[in-house]
Amino acid sequence: MDDIDAAEILLVEDSEDDAEMTMRALKKHNFGNKLTWVKDGAEALEFLFCTGAYARRKTGNPKLVLLDVKMPKMDGIEVLKYLKADDKTKSIPVVILTSSAECSDVTESYKLGVNSYLVKPVDFDAFINVVAQVGLYWTVTNKAPF
């Protein structure tokens, strides 16, 4: 995306294949034009808090964070802890979109304030449908507090 300041969706995903499928699903349903993809939790926090590689990014929160759990450098649970603990980011809707169905991940995510926890469907068409529904609901239908 050329204009990272206009991000409506922040995709935090270390798998190139899963990120590509997610971006394709969102583009197919006209949500891909304001998406920023980061490859790990540390980069996600830099983006959201305008530090590091994103220090020149104008402030402004995305309408939605799609967050994987199992990632290098910093996992999704750690990212969620930081987001929900800071007044500037705690109201951003966060949807965990992951292949992890571990009860501990689900429980910890909800304790920390995740808005939704979705296990990625293995079937390509089902995956596309889930991502499109999530994009539609959180960026168009849902009324955000900001």
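Before going into details, it helps to say that this report is about the structure given with it. (Residues numbered from 1 in each chain as written. Predicted model: local features only at pLDDT ≥ 70, side-chain atom pairs only at ≥ 80, totals over all residues. Heavy atoms only, no water.)

**Observations regarding unusual backbone geometry**
In this model, C50 sits at a positive phi of 55°, which is unusual for a non-glycine residue. Tracing the backbone through its elements, the reader meets C50 in the loop between α2 (41-49) and β3 (64-67). Positive phi values are uncommon outside glycine, yet K73 reaches one of about 70°. The residue K73 is located in the loop between β3 and α3 (76-85) in this model. Take K73: its relative accessible area is 74%, and that puts it in the exposed class. (Helix = DSSP H or I, 4+ residues; strand = E, 2+ residues; numbered from the N terminus. Buried < 20%, exposed > 50% of the residue type's maximum accessible area, 1.4 Å probe, protein only.)

**Remarks on the sheet that holds strand β2 (residues 35-38)**
Either a parallel or an antiparallel arrangement is found when strands of a sheet pair, and the pairing is made through backbone hydrogen bonds. Reading across from one edge, β2-β1-β3-β4-β5 is the order of the five strands in this open sheet, with parallel pairing throughout. Strand pairing shows two members of the sheet lacking a second neighbour, β2 and β5 (116-119), which therefore form its edges. The mean inter-strand angle of the sheet, taken between neighbouring strand axes irrespective of direction, is 20°. Two elements, strand β1 (residues 9-12) and β2, share four bridges in a ladder whose sense is parallel. Bridge pairing in β2 links L10 to T36. (Pairing = 2+ DSSP bridges. Axes fitted to C-alpha atoms, helices over the stretch in contact; angles between N-to-C directions.)

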